[in-house]
Amino acid sequence: MRRSRRISFDAVSMLLVAISVHSHVVAFTGVRAMKRGDLVKHTGRPEWGAGVVVDCTGDKCTIHFEEKGRLVLQVTAATPHLAAVTRAEVAADSALLDPQRWDSIVLPTEQRVAKKAKGKETTTTPCIACKRPLNRSQYSEDKKLKSCPRCSSKDGREHVFYDYPDAFGQTDARVSEATPDGAQSYCGQCRTNDEPYRGSRRCSSIAPR
Ligand SMILES: [Zn+2]
Ligand SMILES: [Zn+2]
């Protein structure tokens, strides 16, 4: 009896190892309840990005998703679709990792940008270097730099470029061909927070395109 019980336990642990190796993501189950600070993603909605569990009360959890904003999900309905995200999978400076900045991701990305841009809309003023409108994304010849329409409009003189696609994030890289000048073409800083712009290059300092 004792022996067979031991064997079945080993079989279970081997199965668990097999599952975690093959599926990579481990779905939350009723066994492991979500708690404040847990990082998750919705397997059916990859466009929402990663989210952080802000509060769980009874059967409802409030989760702030990077691209979707604040959502209140019913745990029993949502858990089959939620998978754990490790801290290593999100940017080191992500607001998801800082409880004091969780409130900065209550609105979807587009609304955040719209709200922030309110009163200082992007401008069609031509760039003094290339003469193209500042609110149009420009690419360097090697496509390794792209201008941010909002940073460029804010500059008011020249296109302001950043590393592409790194400074623009995954979502932008995915949709840029379909919607080259949508809200998604803003740089990561414009989309998420007010940190100072890093590594910017002015249009006049870039080789002619
Ligand atoms: Zn320019
Ligand atoms: Zn920008």
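Residues numbered from 1 in each chain as written. Chains lettered and ligands numbered in written order. Predicted model: local features only at pLDDT ≥ 70, side-chain atom pairs only at ≥ 80, totals over all residues.

### Regarding the overall build of the protein
How we decide: Runs of H or I in DSSP of at least four residues are treated as helices and runs of E of at least two as strands, each being numbered from the N terminus. Every C-beta atom is placed from the backbone, and the number of other C-beta atoms within 10 Å of a residue's own sets its class: buried at 20 or more, exposed at 12 or fewer, partly exposed in between. Any pair of residues counts as being in contact when their C-beta atoms, constructed from backbone geometry, are within 7 Å of one another.
Helices and strands together make up the secondary structure of the protein, namely six helices and eight strands. The secondary structure elements of the protein, listed N-terminal to C-terminal, are α-β-β-β-β-α-β-α-β-α-β-α-α-β. Among the 209 residues that make up the protein, the fraction classed as buried is 27%. Intrachain contacts of the protein at a sequence separation of at least 6 include 47% that bridge at least 24 residues.

### A short note on the sheet that holds strand β2 (residues 51–57)
Note the cut-off: Criterion used throughout: strands pair if DSSP finds at least two bridges between them. Simply put, an axis is a line fit to the C-alpha atoms, just over the touching stretch for a helix, and the angle between two N-to-C directions goes from 0 to 180 degrees.
On the basis of which strands lie adjacent, the open sheet formed by five strands has the order β4-β3-β2-β1-β5 and antiparallel pairing. Edge strands, defined here as strands with exactly one partner in the open sheet, are β4 (69–74) and β5 (82–84). Strand-to-strand, the axes of this sheet are offset by a mean angle of 40°, without reference to chain direction. Taken together, the six bridges between β2 and strand β3 (residues 60–65) define a ladder with antiparallel strand orientation. Within β3, the residue paired with V52 across the bridge is H64.

### A few points about the sheet that holds strand β8 (residues 201–202)
Spatial strand order, β6-β7-β8: three strands in an open sheet with antiparallel pairing. The open sheet has two edge strands, β6 (145–147) and β8, and neither has a second partner. The pairing of β6 with strand β7 (residues 160–163) spans three bridges and is classified as antiparallel. Looking at β7, one finds that S147 is bridged to F161.

### Considering the nonpolar core
Rules: Buried Ala, Val, Leu, Ile, Met, Phe, Trp, Tyr and Cys residues form a nonpolar core when they are connected through C-beta atoms within 7 Å.
By size, the foremost hydrophobic cluster in this structure holds 13 residues, and its most contacted members are V40, V52, V53, C61, I63 and L73. When residues of this core are traced back to their parent elements, those giving at least two are β2 and β3. Counting residues per element, this core draws most heavily on β3, which supplies three residues. Not counting the four nearest positions on each side in its chain, I63 is found in contact with V40, G51, V52, V53, V54, L71 and L73. Within the second largest apolar cluster, twelve residues are counted, among which are L145, V160, A167 and F168.

### Side note on the pairing of β4
Relative to β4, β3 is paired through six bridges, and the arrangement is antiparallel. When the bridges of β4 are listed, F65 appears paired with G69. Hairpin remark: β3 followed by β4, antiparallel, with three residues in the connecting loop.

### Observations concerning the pairing of strand β1 (residues 39–42)
By the bridge criterion, two bridges tie β1 to β2 in an arrangement that is antiparallel. Its bridge partner lying in β2, V40 is registered against G51. The pairing of β1 with β5 spans three bridges and is classified as antiparallel. By the bridge assignment, H42 is partnered in β5 with L82.

### Points about unusual backbone geometry
The residue after Y164, namely P165, is reached through a cis peptide bond having omega 5°. Residue K131 is not a glycine yet carries a positive backbone phi of 70°. Note that K131 resides in the loop between α3 (109–117) and β6. One non-glycine residue, K143, lies in the positive phi region at around 60°. With respect to the helices and strands, the residue K143 is situated in the loop between α3 and β6. Classification of K143 by C-beta neighbours within 10 Å gives exposed; the count is 9.

### Section: the environment of G37
Tracing the sequence through the fold places G37 in the loop between α1 (2–23) and β1. Taking C-alpha positions, G37 is 8.3 Å from L96, a pair spaced 59 residues apart along the chain. Each residue touching G37, except ones within four places of it in the same chain, is listed here: V52 and V53.

### Concerning the confidence of the model for the protein
Cut-off, in case you're wondering: Scored between 0 and 100, pLDDT is the confidence that the predictor attaches to each residue.
Taken as a whole, the protein shows an average pLDDT of 76; of its residues, 66% reach a score of 70 or greater. Considering each helix and strand of the protein separately, the mean pLDDT is smallest for α1, with a value of 43, and largest for β1, with 94. Here residues 1–26 scores under 50 on pLDDT; set against residues more than four positions off or in separate chains, the count is five contacts. pLDDT under 50 marks residues 172–184. Its contacts with residues more than four places away, or in other chains, come to 18 contacts.

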